[in-house]
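# Close look at the chain arrangement
Take a look at the letters that make up each chain.
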Amino acid sequence: MNDKAETTPNGTTQEDPAVIQMTDYERFQFDLKGFLVIPNVLSDEETETVRDHIDILRKSPESLSEHQRAPIAGPAEFLIDHPRVVGILQALIDPSPDRWRLESVFMSNRSSEDTNDPWTPHVGGTNLDPSLSYRFHNNRIYSAMTRIVWELNEVVKGQGGTCLVPGSHKANLASAQEGNWPEMADDPESGLWETYGCPPGSLVMFSEGTRHTGSRWTHAGNPRCAILIAYNHASVRFHEPKPCMNPVVIGGMSEDHQKFFKDVWILANKR
Ligand SMILES: O=C(O)CCC(=O)C(=O)O
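As a starting point, this report considers the structure included with it. (Residues numbered from 1 in each chain as written. Predicted model: local features only at pLDDT ≥ 70, side-chain atom pairs only at ≥ 80, totals over all residues. Heavy atoms only, no water.)

## Quick notes on the overall build of the chain
Threshold: A run of H or I in DSSP counts as a helix once it spans at least four residues, and a run of E counts as a strand once it spans at least two, with each numbered from the N terminus. This radius of gyration counts C-alpha atoms alone. The globule rule is 2.2 Å times how many residues there are, raised to the power 0.38. A simple rule labels every residue: compare its accessible area, found with a 1.4 Å probe on the protein chains alone, to the largest value its type can have, and call it buried under 20%, exposed over 50%, or partly exposed in between.
A count of helical and extended segments in the chain gives 5 helices and 9 strands. Listed N to C, the secondary structure of the chain is α-β-α-α-β-β-β-β-β-β-β-β-α-α in terms of helices and strands. For 271 residues, the compact-globule estimate of 2.2 N^0.38 gives 18 Å, and the chain sits close to it at 18 Å. Expressed as lengths along the three principal axes of its C-alpha atoms, the size of the chain is roughly 50 × 45 × 35 Å. The buried share of the chain, reckoned over its 271 residues, is 49%.

## Comments concerning the pairing of strand E5 (residues 146–151)
The line we're drawing: Criterion used throughout: strands pair if DSSP finds at least two bridges between them.
Counting buried positions along E5 yields 6 of 6 residues, so the element is predominantly enclosed. Because side chains alternate across E5, one face comprises the buried residues Thr 146, Ile 148 and Trp 150, and the other comprises Arg 147, Val 149 and Glu 151, equally buried. Note that E5 and strand E7 (residues 202–207) share 6 bridges and pair antiparallel. Note that in E7 the partner of Ile 148 across the bridge is Met 205.

## Some points on the state of the cysteines
Using the following cut-off: We call a pair of cysteine sulfur atoms a disulfide whenever their separation is within 2.5 Å.
According to the stated counting rule, one finds 0 disulfides in the structure shown. Summary of cysteine pairing: Cys 198 is not part of a disulfide, and the nearest cysteine sulfur, belonging to Cys 225, is at 12 Å. Considering cysteine sulfurs only, Cys 225 is the nearest to Cys 244, which forms no disulfide, with 15 Å between them.

## Looking at the pattern of salt bridges
Quick reminder of the rule: A carboxyl oxygen of Asp or Glu within 4 Å of a side-chain nitrogen of Lys or Arg is what we treat as a salt bridge.
The final tally for this structure, using the stated rule, is 10 salt bridges. Of the charged contacts, one joins Lys 170 and Asp 31 as a salt bridge, the two residues approaching to 3.2 Å between their closest N and O atoms. With Lys 170 in the loop between strand E6 (163–164) and E7 and Asp 31 in helix H1 (residues 24–33), this residue pair connects regions lying 139 residues apart in the sequence. When its relative accessible area of 18% is taken as the criterion, Asp 31 is described as buried. When the shortest N-O distance is used, the salt bridge between Glu 103 and Arg 101 registers 3.5 Å. Residue Arg 101 is classed as buried on the basis of its relative accessible area of 1%.

## A short note on the sheet that holds strand E9 (residues 226–233)
Short version of the rule: Fitting a line to C-alpha atoms yields each axis, with helices limited to the stretch in contact; the angle taken between N-to-C directions then spans 0 to 180 degrees.
Taking strand neighbours across the sheet as the criterion, the 5 strands line up as E1-E7-E5-E9-E2 in an open arrangement whose pairing is antiparallel. Two strands lie at the open edges of the sheet, namely strand E1 (35–38) and strand E2 (100–108), each paired on one side alone. On average, adjacent strands in this sheet sit at an angle of 15 degrees to one another, irrespective of strand direction. Pairing between E2 and E9: 8 bridges, direction antiparallel.

## Observations concerning unusual backbone geometry
Its identity as a non-glycine residue notwithstanding, Asn 40 has a phi of 55 degrees, on the positive side. Even without glycine at this site, Asn 138 takes up a positive phi of about 50 degrees.

## Some thoughts on the site of the ligand
Convention followed: Nearness is defined per residue: one heavy atom within 4 Å of the molecule or strand is enough. Within 3.5 Å is the distance limit for a polar contact, defined as a pair of N or O atoms, with the added protein rule that one can donate a hydrogen and the other accept it, and that residues adjacent in sequence qualify only through two side-chain atoms. Only the protein chains shown count as cover for residues, and all accessible areas are computed by the Shrake-Rupley method using a 1.4 Å probe. The classification used treats Ala, Val, Leu, Ile, Met, Phe, Trp, Tyr, Cys and Pro as nonpolar, Asp, Glu, Lys and Arg as charged, and all other residues, Gly among them, as polar.
Inspection of the region around the ligand gives Phe 106, Arg 110, His 122, Arg 147, Thr 162, Phe 206, Glu 208, His 212, Thr 213, Gly 214, Arg 224 and Leu 228 as its neighbouring residues. At 3.4 Å, a side-chain N or O of Arg 147 approaches an oxygen atom of the ligand. Within the side chain of Arg 224, one N or O atom sits 3.0 Å away from an oxygen atom of the ligand. Starting from 300 Å² of accessible surface for the ligand in isolation, the protein chains cover 89%. A breakdown of the residues in the shell around the ligand according to their chemical character gives 3 nonpolar, 5 polar and 4 charged.

## Focus on helix H3 (residues 83–92)
The buried fraction of H3 amounts to 9 of the 10 residues, a majority that puts the element mostly inside the structure. Buried within H3 are the following residues: Arg 84, Val 85, Val 86, Gly 87, Ile 88, Leu 89, Gln 90, Ala 91 and Leu 92.

## Observations regarding the packing of aromatic side chains
We count it as follows: Two rings from Phe, Tyr or Trp (for Trp, the six-membered ring) form a pair when their centres are within 6.5 Å of each other. A pair whose planes differ by under 30 degrees is stacked, one over 60 is edge-to-face, and the rest are tilted. Either the NZ atom of lysine or the CZ atom of arginine qualifies as a charge over a ring when it sits within 6 Å of the ring centre and within 35 degrees of the ring normal.
Evaluation of the coordinates by the stated rule reveals 5 aromatic pairs. Aromatic pair Tyr 25 and Phe 28: ring centres 5.9 Å apart, planes at 15 degrees, arrangement stacked. You can see Tyr 25 and its partner Phe 28 sitting in helix H1, 3 residues apart, about one turn around the helix. Taking relative accessible area as the criterion, Tyr 25 reaches 52% and is therefore assigned exposed. Taking the centre distance of 4.9 Å and the plane angle of 65 degrees together, the rings of Trp 119 and Trp 193 count as edge-to-face. Here the residue Trp 119 occupies a position in the loop between E2 and strand E3 (134–137), and Trp 193 occupies one in the loop between E6 and E7, the gap between them amounting to 74 residues. Put simply, the rings of Trp 100, Tyr 231 and Phe 260 pair up and form one aromatic cluster. Over the face of the ring belonging to Tyr 142 we find Arg 140, whose NZ or CZ atom lies 5.3 Å from the ring centre.

Structure follows, in structure tokens:
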């Protein structure tokens, strides 16, 4: 973990030492493209710990206590509010933790032997759905659903990482929501798609409103091992609750982590 902040997203100079703020240049890139890759966020040891947890969860979930049977439970729980993630949520969703929710999580394990093609582009275009909205106002980004992908194995560029269309989170002349996204733009060879390579333990973040898709994993002997987490603003929910994030799993987490699974509301009724 590194990166000192240039300024905080709120324009203040105060920094919580437990948070790694996004730099101005990172915010610039995210706003421009709708996504950003931050290499080497986890140490080798942290990456291995999470990868081992995923491995057990996939191969012998019954060997884990019930409350650890989720990709971000047990030894992987620390990912929920990793200092890098907290800085991102503050900069992109809201400065206040009361206004964030963690609404969905899944694992992506793809290998060169898979026969199904994950190429299924979705979303894109200025989006009026509150969950997929992306706005910029008064020098602040307001991204609703924001995806954090933890890549736990090496990703070689062009061999299967998530593909995205830069800038599509604010495209004006087409909208997936309205069903008029040009078919030719979805061709993998359209020249509009971008992807990435990164070492194990890297973080990929994107506004869910950015057009994106999985792609065939072609790196033999090095399968994809990734955890994809969706954070959202506390006032909206997009995903149906996932069975793996059940009361037993959430109840086994630290109090601070449990707060991420709050219900969809902001104002407490004190009367
Ligand atoms: O698995 C991937 O690379 C893409 C994931 C995806 O499509 C999504 O998060 O909605």
